[in-house]
Structure formats: structure tokens, C-alpha cells
Amino acid sequence: MGARHHGSPLPELATMRLDSEPDVFTARQLARAAGAAAGLDGPDQVRFATALSEIGREALAAGGARIDFVLRNPPALAVVLTADRVIPADAAGLVAAGRLVDLTVSPTGPAAGGAGGAGGAGGAGGAGGAPTVVTLAKPLAPGAVVDDARRTRLRQILAATVPLSPADELRVQNSELVSALAELRDNQNELLRLNAELEETNRGVLALYSQLSAELEETNRGVVALYGELDERGIALTRANEAKTRFLRSVSHELRAPVNSVLGLARLLLDPAGDSLTDEQRRQVELILASTKDLLTLVNDLLDLSKAESGRLEPALEQVDIRAVLAHLDGSLRPLATRPGVELVIEEDGEVGPLYTDETLLGRVLRNLVGNALKFTEHGEVRVTAARTGDAGDTVTFVVRDTGIGISAEDVEQVFEEFYQARSHLHARTRGTGLGLPYARRVCELLGGRLDLVSELGRGSTFTVTLPRDADVCHQADAEEGADSPLTPGEAPVRVSTALVVDDDPAFRMTMRRLLADRADRVLEAGDGHEALAALHADPPDVVFLDLMLPGLDGGEVMSTMGADPALRDIPVVIVTWSDHDTRRGRGPGSAVAVLAKLTLSQRAIDAVLARVDALRP
Ligand SMILES: Nc1ncnc2c1ncn2[C@@H]1O[C@H](COP(=O)(O)OP(=O)(O)OP(=O)(O)O)[C@@H](O)[C@H]1O
Ligand SMILES: [Mg+2]
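Residues numbered from 1 in each chain as written. Chains lettered and ligands numbered in written order. Predicted model: local features only at pLDDT ≥ 70, side-chain atom pairs only at ≥ 80, totals over all residues. Heavy atoms only, no water.

Topic: the environment of Leu317
Here comes step 1: Turning to its location among the elements, Leu317 is positioned in the loop between helix H6 (279–309) and strand E6 (318–320).
Here comes step 2: According to the relative accessible area criterion, Leu317 is buried, its value standing at 2%.
Here comes step 3: Taking the C-alpha atoms as reference points, Leu317 and Leu355, separated by 38 residues in sequence, lie 9.6 Å from one another. (Helix = DSSP H or I, 4+ residues; strand = E, 2+ residues; numbered from the N terminus. Buried < 20%, exposed > 50% of the residue type's maximum accessible area, 1.4 Å probe, protein only.)

Some points on the UniProt feature "modified residue: 4-aspartylphosphate" (unreviewed entry) in the protein chain
Here comes step 1: Residues annotated by UniProt as "modified residue: 4-aspartylphosphate" (unreviewed entry) correspond here to Asp547.
Here comes step 2: Here Asp547 is to be found in strand E15 (residues 543–547).
Here comes step 3: Judged by its relative accessible area of 4%, Asp547 is buried.
Here comes step 4: For Asp547, the residues in contact, after removing those within four places along its chain, are Val502, Asp503, Asp504, Gly555, Val576 and Lys598. (UniProt positions renumbered as here; feature names shortened; annotations may be inferred. Contact = heavy atoms within 4.5 Å.)

Description of the sheet that holds strand E4 (residues 102–106)
Here comes step 1: Pairing is antiparallel in the open sheet, where five strands are placed in the order E1-E2-E3-E5-E4. The outermost strands of the open sheet, each flanked by one partner alone, are strand E1 (12–18) and E4. Pairs of neighbouring strands in the sheet enclose a mean axial angle of 15 degrees, with direction left out of account.
Here comes step 2: As paired elements, E1 and strand E2 (residues 65–72) share six bridges and run antiparallel to each other. Looking across to E2, one finds that Ala14 is bridged to Phe69.
Here comes step 3: Helix H3 (residues 92–100) contacts E4 and strand E5 (133–139) of the sheet and is inclined by roughly 145 degrees relative to E4. (Pairing = 2+ DSSP bridges. Axes fitted to C-alpha atoms, helices over the stretch in contact; angles between N-to-C directions.)

Notes on the side chain of Thr511
Here comes step 1: Looking at the secondary structure, you find Thr511 in helix H11 (residues 506–516).
Here comes step 2: Taking relative accessible area as the criterion, Thr511 reaches 6% and is therefore assigned buried.
Here comes step 3: Setting aside anything within four residues of it in sequence, one finds Thr511 in contact with Leu265 and Leu268.

Topic: the site of ligand 1
Here comes step 1: As a matter of local geometry, ligand 1 sits amid 22 residues, with Asn372, Lys375, Gln421, His427 and Leu435 nearest to it.
Here comes step 2: Backbone polar atom of Gly436 to an oxygen atom of ligand 1: 3.2 Å apart, as the coordinates give it.
Here comes step 3: When ligand 1 is considered free in solution it has 590 Å² of accessible area, and contact with the protein chains removes 95% of it.
Here comes step 4: At the level of secondary structure, the elements contributing two or more residues to the shell around ligand 1 comprise helix H8 (359–375), helix H10 (436–446) and strand E12 (460–468).
Here comes step 5: Counted by class, the shell around ligand 1 contains 11 nonpolar, nine polar and two charged residues. (Near = heavy atom within 4 Å. Polar contact = N/O pair within 3.5 Å; in protein donor to acceptor, adjacent residues only side chain to side chain. Areas by Shrake-Rupley, 256 points an atom, 1.4 Å probe, with all protein chains shown as cover. Nonpolar A, V, L, I, M, F, W, Y, C, P; charged D, E, K, R; others polar.)

Quick word on the packing of H11 against helix H15 (residues 603–616)
Here comes step 1: Remark: H11 packs on H15, axes separated minimally by 10 Å, with the N-to-C direction vectors making an angle of 70 degrees. It follows from the interaxial angle that H11 and H15 lie roughly perpendicular. Across from Met512, Leu515 and Leu516 in H11, the residues of H15 making contact are Gln603, Ile606 and Leu610.
Here comes step 2: Looking at the contact of H11 with H15, its residues break down into five nonpolar, one polar and no charged. (Parallel < 35°, antiparallel > 145°, perpendicular 65-115°, else oblique.)

As C-alpha cells, this is what we get:
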């Protein structure tokens, strides 16, 4: 039936009974009208109306209900449906309505279970239960005011609402469905749009991320490349330094052989036993000899330096008497101390005791330093002192102090570099190439010590050599050394039938040929190691004079091949070398019977060697 409106001041806007199917339509239309009047939007009106009609159907199945429309505070539109009996809590209409609007059900009826839930048969609700009250509520827009005036207005609107025919109601519901579908589609479109936006954002974030990581990678690559370049430069620097050392060594070595030959030939020309020269010729040859000696000194300096630098200089350690070293220094340098205003003082400070080191190398270092001091001092003195130092007295310090021109602070480290010479007015008058100090420092390091310099321009310089008293390198200067008596010439020169001279320098072979002219019936020559071995097999000699530095197969290899061959093993070998280091050791490598220094080659030395070869003969 239609809505029955109260005229009373009750809060209800409208009240109606629900007893038949058309009443459900009416309730629905009132709900929509109330929603519209209370300011709910279209979709909410439909939700509200639909929920009420769903519940209404369940209430009808349970025997009918009373429905009150109310406007509440806080502002909300509510519908209270009081069923005549119990509506089961799991009734489909109740559940569907719960999805559309907020609703409270009280008291909660027991679930009907089975077919009863569908609400078919009347009175299916549990008998004896309190009737169900369902309240649907929809809050109004924020700021809505609920007062009596408003209620009155709504009451009038609802009273004027004319129930529609079922056909009209169907049309309305259809259009509601259409608009619900449209709303759904809009929502879906909105969702799609949001998704696309999200995706876009994600893409942006990804792009940013990959750009950042690309940048990071780029930076990393740069750092790696930078380090690589640094390493490469370091390697290049080391290589350049090695190349310099190699260059010095090979150039000086290549120079040494011809210079030695010139020296030997000049000596032979001056030999009183040789052809006589005119005075003029003698004077010229003496000049050649003097210049060649200078040249040889330079070449030797270079070679020494490069050997010290490449670690190929092996110190020969022995017990060294410091007093003897100082005396020797005095003897060899006093002739250089020719400036009238300069005094050379060499002294031992206290009892220094013996030192275990390489005497020749130490002598060279000190001669270099004192030579410099004398060169660069015009007034005052050059003082050399030796003293025992170190906390435990385990070092010996040689100090070379002068009152000369001194060295500026910028030059103090530079003077230890090859060929560096500080500018001074004295350089025009002095000789030198700038190799003395670098060599001296390398040698000091080689002997386990150091060379330091303190100097002040115009006041003088102090060079300090500090050496360990016992260079704890292998102590190879053993007692056996004494057994190697120095070469002494025999009474009458020894003669051999065949001698083989192996050297790649034809000038040197010629020198040897002359020296052996009266000592051997035949002198054979070989220019390299392979030729030497062929000659040895073809015509075994009584003695071989062997140069160690040979092209192709070198002297050492020739010797080991000979040692492994029973036919050649017993042929005595004399090593001929430019290295005074080898000669100081007395014996060459392997089975050599003697070592001859090219530098001091003489008839006497040859005779002494031949005497030793003779003595070894079985
Ligand atoms: N006692 C010193 N007083 C002042 N300057 C010195 C002294 N010793 C060395 N120097 C400076 O150091 C430079 C290098 O010395 P170094 O001994 O290496 O070479 P050199 O004496 O010029 O030549 P070389 O020693 O090769 O004959 C000298 O040219 C000189 O400028
Ligand atoms: Mg010098």
C-alpha cells in the first residue's frame, strides 16, 4: 500500500507498512526520493534504494515489516525496517544489501539453513525469536545541517511522492542500471588511465635509474682507465730507465774493446824491445797513449756505473785494513793537491779496526770524493776522517769535508744524477763528466751502506760514507785465495808448440800474436765461439787464450762445452778480459787456469801465465 505519512513532530520523515510485493516498489521509490532530497548523489541514491528493496523482499518473506525513514544527527539518512518476525542472518537479500550500504541488524537471528534461507515459505524464520530490526544509514555530505526545518521539507517531499506503476519502476531501474554500467565503465577507464600513468612513471623511474647506472659505469670506466694509464706510465718509466742502463752498458762495452786495442798497440810501439822510433814518433805515440788512457777512464766509468746500476757489480768482500786504505788514498791523491792554499789532511779518528768490505770499490768511492773536494776547493782544506760509528760500533764512517765552493740546495740531489754538473766558475778549468758521484752512491749502496751530502754554497761540502763494518753478504774471500799465488815470471820463458787466441777483436788478436811470437811455434786465431770449438777439434792447442764476451756462443759457453768433451777437457784455458773484477779473483769461471787483464797485458804477464800452464802439465 502507499506510504502513510505522520503529521506528528516525530523525527520520522515517513513511515510505511510492507505487506505485499507492490509495497517493496513503493519502499524503493521512497528511499530514492529521500536520498535525492537529503542530497545524496545519483549512485548513492540507487545503492540506498536497491539495498532497501533487497531487505524488503526478505522481510516480506518473513511476514511483513514496518519501515521508518529518519534524518539523524550527525547528519545521515537512515531507514529502519522492523520485521514482523526473524529474518535469517544469512538471507541473500540481507547479504546483498550489506554490500551496498552500511547496515546494522539486531538482534541477529539464527541462520535459517537449507531452503529456508531463500525465504520461500512464510514464517520460515525461527519461531519465538525477537523480530529483526535492520537499520540502513548513509552519511550526508560534510557540512550538511539536520534541523527541524530540513526534516519538514523532506517530509513534504516524501508525502508528495507518488508511487510509480511497476512498468515505470522497471524503466527507472533500467536507466539506473545503465547509469551504473556507465559509472562502472568510467571507473574502469579511470583505472586504466591510472595504470597507464603508473606505467609511465615506472618507465620514467627506470629510465632515470638506467641513466644513473650508465653514468656510474662511465665514471667507473674512467677511473679504471686512469689507473691503467698510471700503471702504464710507471712501466714506461721503468723501461726507459732500464733502456738507459742497457744503452750505457752496451755503448761503453763496445767502446772498450777498440780503445783497449789502441792502448795495447801504442804500448807495443813504445816497447823498448820493439822497433825503434824517432823522437817525434815516440812523442806522438805517447800522446796517443795519454789520450787513449783518458778515453778508457771515461768508458770504464760509464761501464762501472751501468754495472753498479744494473746490479751486475758483485763486490768481492775481504778483510780491509782501514789504515792501509787511508795510506793508499794519501799516496794516490797527494799529487793532485797542487793548489798552494789548500791542505789535504787524512786521518783516522781513534782505533777503527778492520772492515769487511770490497777494498777496490771502497778505494774508488773515496778517490772520487776526495778528487772532487780537491777540484772544487780553492782555499782552506780537504779533510778525510775515518771513524767507528753506530750505537754498537758496527758501522764505519768516512767523512770527506772541504771548505770549497759548496753546492746549492737545489743541486744537492741533482749532483747524484748521471752527467749532472753544478754551474761554477771552476768547471771551465776542471775535467770531468759528472759520473763520479752517481757511481759512488751506487757502490756505497752495493756495499750495504750509503752516501750522504750536506753542503752550503760558498762554504764547503761534507760527504759522508757510512758502511757496515761487516757487509753481511756472502763471505767468499776464503782461505783458498792464499793458495793462488800471484803470477810470477819464471827464470826462462816457457815455450809451447800451439796457442789458440779467441777474440772477436782482430786488433787484439794481433796484439796477442805479437806477444806470443817468441813463445809459441804456432798461433791460431778464432773470431767467435763456434770458430773456437772448430779450431779446438781440428788442431788441439797447448793453451787457449779466451775472451769471455764473444758474439754468438760466448766464452763461458765455450768453456762448458770444452768441460763436457773428454777430448778438450784437459786443454788449459786462460781467460783474457777487460774486467779487473774477474782478475782480482785470480781465477776465472770453471776450469780456467788464469785470468789476464787486457788493461795491463804485458810480456811479463804472458810469461807468468805460460809458466803456470807448464806447471799444471802432467
Ligand atoms: N766537493 C764538492 N764541492 C762542490 N761541488 C761539488 C763537489 N763534489 C761534487 N760537486 C759538484 O757535483 C758535480 C758532480 O760531481 P761528479 O763527481 O759526479 O762529477 P765530476 O766530478 O764533475 O766529473 P767526474 O767525477 O765524472 O770526473 C760536480 O760537477 C760539481 O758541480
Ligand atoms: Mg767527480
